[in-house]
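# Coordinate inspection notes
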Amino acid sequence: QVQLVESGGGLVQPGGSLRLSCAASGFAFSSYAMSWYRQAPGKERELVAGITSAGGSTNYADSVKGRFTISRDNAKNTVYLQMNSLKPEDTAVYYCNAIRLVPGPVRYWGQGTQVTVSS
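Residues numbered from 1 in each chain as written. Predicted model: local features only at pLDDT ≥ 70, side-chain atom pairs only at ≥ 80, totals over all residues. Heavy atoms only, no water.

### Examining the pattern of salt bridges
- Counted by the stated rule, this structure contains 4 salt bridges.
- Close ionic contact of glutamate 46 with arginine 38 constitutes a salt bridge, the shortest N to O distance being 2.7 Å.
- Taking the relative accessible area as the measure of exposure, glutamate 46 reaches 34% and is therefore partly exposed.
- In this structure, aspartate 90 engages arginine 67 in a salt bridge whose closest nitrogen and oxygen atoms are separated by 2.8 Å. (Salt bridge = Lys/Arg side-chain N within 4 Å of Asp/Glu carboxyl O. Buried < 20%, exposed > 50% of the residue type's maximum accessible area, 1.4 Å probe, protein only.)

### Regarding the state of the cysteines
- Under the defined criterion, the tally for this structure stands at 1 disulfide.
- Bridging cysteine 22 to cysteine 96, the disulfide has an S-S length of 2.1 Å. Of note, the bridge from cysteine 22 to cysteine 96 carries an S-S torsion of about -85° and is left-handed in sense. Of the two residues, cysteine 22 is situated in strand S3 (residues 18-25) and cysteine 96 in strand S9 (residues 92-100); the sequence distance between them amounts to 74 residues. (Disulfide = S-S within 2.5 Å. Helix = DSSP H or I, 4+ residues; strand = E, 2+ residues; numbered from the N terminus.)

### So, the sheet that holds strand S1 (residues 3-7)
- With respect to topology, 4 strands assemble into an open sheet ordered S1-S3-S8-S7, the strand pairing being antiparallel. The open sheet has two free edges, formed respectively by S1 and strand S7 (68-73), since each of these has just one partner strand. Shown here is a sheet whose adjacent strand axes are inclined to one another by a mean of 15°, direction ignored.
- Of the strand pairs in this sheet, S3 and strand S8 (residues 78-83) are connected by 6 bridges, and their pairing is antiparallel. Residue pairing across strands places cysteine 22 opposite valine 79, the latter belonging to S8. (Pairing = 2+ DSSP bridges. Axes fitted to C-alpha atoms, helices over the stretch in contact; angles between N-to-C directions.)

### Some words on the environment of leucine 81
- Tracing the chain through its elements places leucine 81 in strand S8.
- On the basis of relative accessibility, which here comes to 0%, the residue leucine 81 falls in the buried class.
- Between the C-alpha atom of leucine 81 and that of alanine 54, which follows or precedes it by 27 residues, the distance is 16 Å.
- Those residues in contact with leucine 81 that sit more than four places away from it in its chain are Leu18, Arg19, Leu20, Trp36, Val48, Ala49, Phe68, Thr69, Ile70 and Tyr94. (Contact = heavy atoms within 4.5 Å.)

### Notes on the pairing of strand S11 (residues 113-117)
- Side-chain alternation along S11 places Thr113, Val115 and Val117 on a buried face and Gln114 and Thr116 on a face that remains uncovered.
- Examined bridge by bridge, strand S2 (residues 10-12) and S11 share 3 bridges and lie parallel to one another. Each residue of the ladder has a partner; that of leucine 11, found in S11, is threonine 116.
- Where S9 and S11 come together, 3 bridges link them in antiparallel fashion. Residue pairing for S11: alanine 92 is matched across the bridge by valine 115.

### Let's talk about the side chain of serine 35
- With respect to the secondary-structure elements, serine 35 resides in strand S4 (residues 33-39).
- Serine 35 has contacts with Leu47, Ala49, Gly50, Ile70, Tyr95, Cys96 and Asn97, leaving out every residue within four places of it along the chain.

### Re the environment of proline 14
- Note that proline 14 resides in the loop between S2 and S3.
- The class for proline 14 is partly exposed, based on a relative accessible area of 40%.
- Counting along the chain gives 69 residues from proline 14 to methionine 83, while the straight-line C-alpha distance between them is 11 Å.
- Excluding anything up to four places from it in sequence, proline 14 contacts Leu86, Pro88, Val117, Ser118 and Ser119.

Structural data, given as structure tokens:
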């Protein structure tokens, strides 16, 4: 049974930090690229950050560059998103995503974790 379980969301003041975790099980985690997406109320889901299967390459949305860092631990089947200097516009539900293109494509989603940035 494939599972992606996000944790670490919550309420934080502007300028604060949070670290999201996504624990994976039921598939070959180290063979999948991992990403974090977010969806704010009334908006489309957008890509926040991605990391390749071995962790050698990352990419970020322009809106989070320099503030967010994605990383992974293949020994623990976990991907992380360190979020610093949070802004109210970062408020959204954050989703973990796993994708394998070959053979595939195969994609899995987590259930999401709420991040609220407010004073």
